[in-house]
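A closer look at the structure
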Amino acid sequence: DEKKETESWVVEEFNQFLAAVENPVLKAYFSFLYWTGCRRGEGIAVWKQDVIGNTGHITKSMKHYSGGFRPLKTDSSERVIVMDDALVEMITPLLETADPFVFGGETSIGTNTINKAFKKAIEDSGVKPIRIHDLRHSHASLLLNNGVNIVAVSKRLGHATVSQTLETYTHLMQETDDKMMQKIADLKRKK
């Protein structure tokens, strides 16, 4: 799935999309995926006990609630992801109910509900269509294009190796190369 042609949204496109999402649970869920780089199944499997302070502990996955929990894609997919204050603030009200799932309640939010809301918000917002999995790619693109170390990005995504991250996101390196060359030119001018 990660080898398919990827699309991504910049922050402005994501915010435009998010403004068209009415349901606060879905808004928080899509924000969680975009700002953490988690896979869809990892996101719907998050229990309240998995959120500790500003960290999300990714320990399981789920395709559909009726199918139960599934193991993560790889051993390295088990990870702790630090969340920014705005994301923590967005999901905090979801943590204050008695139900176990952060994104849902007694059960996880359904994939049909997610898919319908995602497509509707794309149509309503007018942003270019992408797949839900491309929220993960958007996160990686955002980090890599802003100079975040490839090792840190690889660990955050739960990739087994840095080479997997490089293979998946090589197409982003041209923009990074352009920034590198600009930095070199700036350093030479400072002599």
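Residues numbered from 1 in each chain as written. Predicted model: local features only at pLDDT ≥ 70, side-chain atom pairs only at ≥ 80, totals over all residues. Heavy atoms only, no water.

1. Things to note about the overall build of the protein chain
Cut-off, in case you're wondering: The numbering of helices and of strands both runs from the N terminus, where a helix is a DSSP run of H or I of at least 4 residues and a strand a run of E of at least 2. In this setup the radius of gyration rests on C-alpha atoms only. A globule is expected at 2.2 Å times the number of residues raised to 0.38. Any two residues whose heavy atoms approach within 4.5 Å at even a single point are treated as in contact. For the purpose of charge, His is not counted, nor are the chain termini; Lys and Arg are scored as positive and Asp and Glu as negative. In this description, the location of a charge corresponds to atom NZ of lysine, CZ of arginine, CG of aspartate or CD of glutamate.
The helix and strand tally for the protein chain stands at 9 helices and 5 strands. Mapped from its N terminus to its C terminus, the protein chain presents α and β elements in the order α-α-α-β-β-β-β-β-α-α-α-α-α-α. The C-alpha radius of gyration of the protein chain comes to 17 Å, within 12% of the 16 Å expected for a compact globule of 191 residues. Its C-alpha atoms give the protein chain principal-axis dimensions of about 60 × 40 × 30 Å. Long-range contacts, defined here as pairs at least 24 residues apart, represent 63% of the contacts in the protein chain between residues at least 6 apart. For the protein chain, the centre of its 25 positive side-chain charges and the centre of its 25 negative side-chain charges are spaced 4 Å apart.

2. Looking at the environment of Arg-40
Applied cut-off: N or O atoms closer than or at 3.5 Å make up a polar contact, with two conditions inside protein: a donor-capable atom paired with an acceptor-capable one, and, for residues adjacent in sequence, both atoms drawn from side chains.
Structurally, Arg-40 can be placed in helix 3 (residues 40–44). Along the backbone, Arg-40 and Ile-132 are 92 residues apart, and their C-alpha atoms lie at a distance of 7.2 Å. Setting aside chain neighbours within four positions, we find Arg-40 in contact with Tyr-29, Leu-33, Asn-115 and Ile-132. A distance of 2.7 Å separates a polar atom in the side chain of Arg-40 from a polar atom in the side chain of Asn-115.

3. Structural notes on the nonpolar core
Our working rule: By convention a nonpolar core is built from buried Ala, Val, Leu, Ile, Met, Phe, Trp, Tyr and Cys residues, the set being connected through side-chain atoms within 4.5 Å. The buried label goes to any residue with under 20% of its type's maximum accessible area, the exposed label to any with over 50%, and the partly exposed label to all in between, with areas taken from a 1.4 Å probe on protein chains only.
Core analysis: the biggest nonpolar cluster contains 42 residues, and Trp-9, Phe-17, Phe-30, Phe-32, Phe-103, Phe-118 and Leu-135 have the highest contact counts within it. Mapped onto this core, the elements with two or more residues apiece are helix 1 (11–19), helix 2 (24–36), helix 4 (85–95), helix 5 (111–125) and helix 6 (134–144). No other element matches the 8 residues that helix 2 contributes to this core. Excluding residues within four positions of it along the chain, Leu-135 makes contact with Trp-9, Phe-14, Phe-30, Leu-33, Tyr-34, Phe-118 and Ile-130. Listed in part, the 6 residues of the second largest apolar core include Leu-143, Val-153, Leu-157 and Tyr-169.

4. What to know about the pattern of salt bridges
Where we set the bar: Any carboxyl oxygen of Asp or Glu within 4 Å of a side-chain nitrogen of Lys or Arg constitutes a salt bridge here.
Scanning the model with the defined rule gives 7 salt bridges in all. Residues Arg-79 and Glu-42 are paired through a salt bridge, measuring 2.8 Å at the closest nitrogen-oxygen approach. Here Arg-79 is found in strand 5 (residues 79–82), whereas its partner Glu-42 is found in helix 3, with 37 residues between them in sequence. Glu-42 shares its class with Arg-79; the two are buried. Between Asp-124 and Lys-120 there is a salt bridge; the shortest N-O distance is 2.5 Å. Linking Asp-124 with Lys-120, this pair stays in helix 5, spanning 4 residues, or about one helical turn.

5. Examining the pairing of strand 5
Convention followed: One bridge is not enough; two strands pair if DSSP finds at least two bridges between them.
Side chains Arg-79 and Ile-81 of strand 5 all project onto a buried face; the interleaved residues Val-80 and Val-82 project onto a face where none is buried. Strand direction decides the pairing type here: strand 2 (residues 55–58) and strand 5, joined by 4 bridges, are antiparallel. Across the sheet, His-57 pairs through a bridge with Val-80, a residue of strand 5.

6. Here's the deal with the sheet that holds strand 2
The strands that make up a sheet pair up through hydrogen bonds in the backbone, lying either parallel or antiparallel. Taken in spatial order, the 3 strands make up an open sheet running 1-2-5, and their pairing is antiparallel. Looking at the sheet topology across the chains shown, the edges are occupied by strand 1 (51–52) and strand 5. Here 2 bridges tie strand 1 to strand 2, and the two strands are oriented antiparallel to one another. Note on strand 2: the bridge partner recorded for Val-51 is Gly-56.

7. Quick word on the side chain of Arg-156
Of note, Arg-156 is situated in helix 7 (residues 150–157). Although buried, Arg-156 forms no salt bridge, and the nearest oppositely charged side chain, Asp-84, lies 6.3 Å from it. Polar side-chain contacts of Arg-156 include one of 3.0 Å to the backbone oxygen of Val-82. Those residues in contact with Arg-156 that sit more than four places away from it in its chain are Trp-35, Thr-36, Arg-79, Ile-81, Val-82, His-139 and Leu-143.

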